[in-house]
Amino acid sequence: MVTRRERTDAVKQRGVALGFDAVGVASLEANPHAAELDRWLAAGHAGTMSYLHRQAAKRKEPARIMPEARVAVVTLTNYYHGSADPGATPRGSREPGRVAQYAWSADYHGVLGKRLERFAAAIQEVVPGARTRCYVDAGPVPERELAQRAGLGWIAKNTMLIHPTIGSFTFIGVVLTDADLSPDAPFDADRCGSCRACLDACPTHAFPAAHDLDARACISYLTIEHRGAFTPAQQEMVGDWVFGCDICQDVCPWNVKFAQGTADPELAARADVAAPDVRTLLDVPDDVFARRYGDTPFERPGPAGMRRNAAAVLGVPAT
């Protein structure tokens, strides 16, 4: 007779064999940070991300996402490319057009979505008849809270999940399932201590307080999620970043000390997205953009958003 613990261990082993760097199992009780989410949304810190308001009820009670689910099997995938750069870089000190490391390869939604589907099939092999549903940074899933609950790390002052031996440069994937698995103990320790490196390094002061990110002042939000033209103030905030921002992660001591470059062949860096020609992006036609970047994270802001970002970086009017 196979025990729940043995089934759970077998599921985790299958996940690691598929290429995930860490796997844990979380229970699905109500999110303990529900009141904080309500306050954050009410303060307007979500900016134009109206979908977060629509998803709030399920984010606060993840069991409502898939009512038959018993647990969430949570995965971490390292995407670090070995170039932590402690200290914010002043504008104009390097060639413009910096890109957050998570976007240096093919779109992770596709890469990890397929991997998670294979993992879901493996779970069904270990637990015949199990039902599953996969999520990669999509839908109303509170990924970081579930990862913390699955014992995979703690939520840092910059709101990122930090794994104690991998760091924070990770993609979080979730498989909700009704499989009878044993939840892991949550990662209750907060190992940030008195460190403020991430908060103090942010060039736009996007953190009103620890664990509170005002997206409206965040370079990643502005260059990826913000819809419409930039105000002059927003254009100045962008600095050298044409897509995303890694500053608060680059300066984190846990990344500086422990992060190791990924060896995942499906996440190999592509020069055309890791170091794009910003001047070419400035007036790239929609059809050319689709052919060149349609399978990359640049598709999120789209051609109009990337032209806007390029104009901000170069300090010229958007076309």
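Residues numbered from 1 in each chain as written. Predicted model: local features only at pLDDT ≥ 70, side-chain atom pairs only at ≥ 80, totals over all residues. Heavy atoms only, no water.

Moving on, we come to the pairing of strand 2 (residues 71-78). Taken across its eight residues, strand 2 has eight buried, putting it largely inside the fold. Side-chain alternation along strand 2 places Val71, Val73, Thr75 and Thr77 on one buried face and Ala72, Val74, Leu76 and Asn78 on a second face that is also buried. Both strand 1 (residues 22-27) and strand 2 contribute to a ladder of six bridges, which runs antiparallel. When the sheet's bridge partners are listed, alanine 22 is paired in strand 2 with leucine 76. Pairing between strand 2 and strand 7 (residues 170-177): eight bridges, direction antiparallel. Residue pairing across strands places asparagine 78 opposite threonine 170, the latter belonging to strand 7. (Buried < 20%, exposed > 50% of the residue type's maximum accessible area, 1.4 Å probe, protein only. Helix = DSSP H or I, 4+ residues; strand = E, 2+ residues; numbered from the N terminus. Pairing = 2+ DSSP bridges.)

Among the nonpolar cores identified, the biggest contains 69 residues, and Val73, Tyr102, Phe119, Leu181, Val242, Phe243 and Phe298 are the most heavily contacted of them. The leading source of residues in this core is helix 4 (residues 108-126), at eight residues. The contacts of valine 242, once residues within four sequence positions are left out, are Gly97, Arg98, Val99, Thr223, Pro276, Leu281, Met306, Asn309, Ala310 and Val313. Membership of the second largest hydrophobic core comes to 21 residues, among which are Ala26, Leu28, Val74 and Tyr135. (Core = buried A, V, L, I, M, F, W, Y, C linked by side-chain atoms within 4.5 Å. Contact = heavy atoms within 4.5 Å.)

The terminal C-alpha atoms of helix 4, which comprises 19 residues, lie 26 Å apart, in line with the 27 Å expected from a rise of 1.5 Å per residue. Of all the positions in helix 4, only Tyr108, Val111, Leu112, Arg115, Leu116, Phe119, Ala120, Ala122 and Ile123 are classed as buried. Down the axis of helix 4, the smallest arc covering the buried residues is 165 degrees, so these residues share one side. Exposed and oriented more than 90 degrees from the buried face of helix 4 are Lys114 and Glu125. Where helix 4 is buried, its residues contact helix 1 (4-17), strand 1, strand 2, strand 4 (132-136) and strand 7. (Expected span 1.5 Å × (residues − 1). Arc of directions from axis to C-beta.)

Taking 1.5 Å of rise per residue, the 13 residues of helix 14 (residues 302-314) would be expected to cover 18 Å, and the 18 Å separating its terminal C-alpha atoms lies within 8% of that figure. Among the 13 residues of helix 14, 11 are classified as buried, and the element is accordingly described as predominantly covered. Along helix 14, the residues classified as buried are Gly302, Pro303, Gly305, Met306, Arg307, Arg308, Asn309, Ala310, Ala311, Ala312 and Val313. Of the residues flanking the end of helix 14, it is glycine 315, one or two places downstream, whose phi is positive at about 70 degrees.

With respect to the secondary-structure elements, arginine 133 resides in strand 4. For the pair formed by arginine 133 and lysine 58, sequence separation is 75 residues and the distance between their alpha carbons is 15 Å. Filtering out sequence-adjacent residues up to four positions away, arginine 133 remains in contact with Ile65, Met66, Glu68, Val174, Val175 and Leu176. A polar contact is formed between the side chain of arginine 133 and the backbone oxygen of isoleucine 65, at a distance of 2.8 Å. (Polar contact = N/O pair within 3.5 Å; in protein donor to acceptor, adjacent residues only side chain to side chain.)

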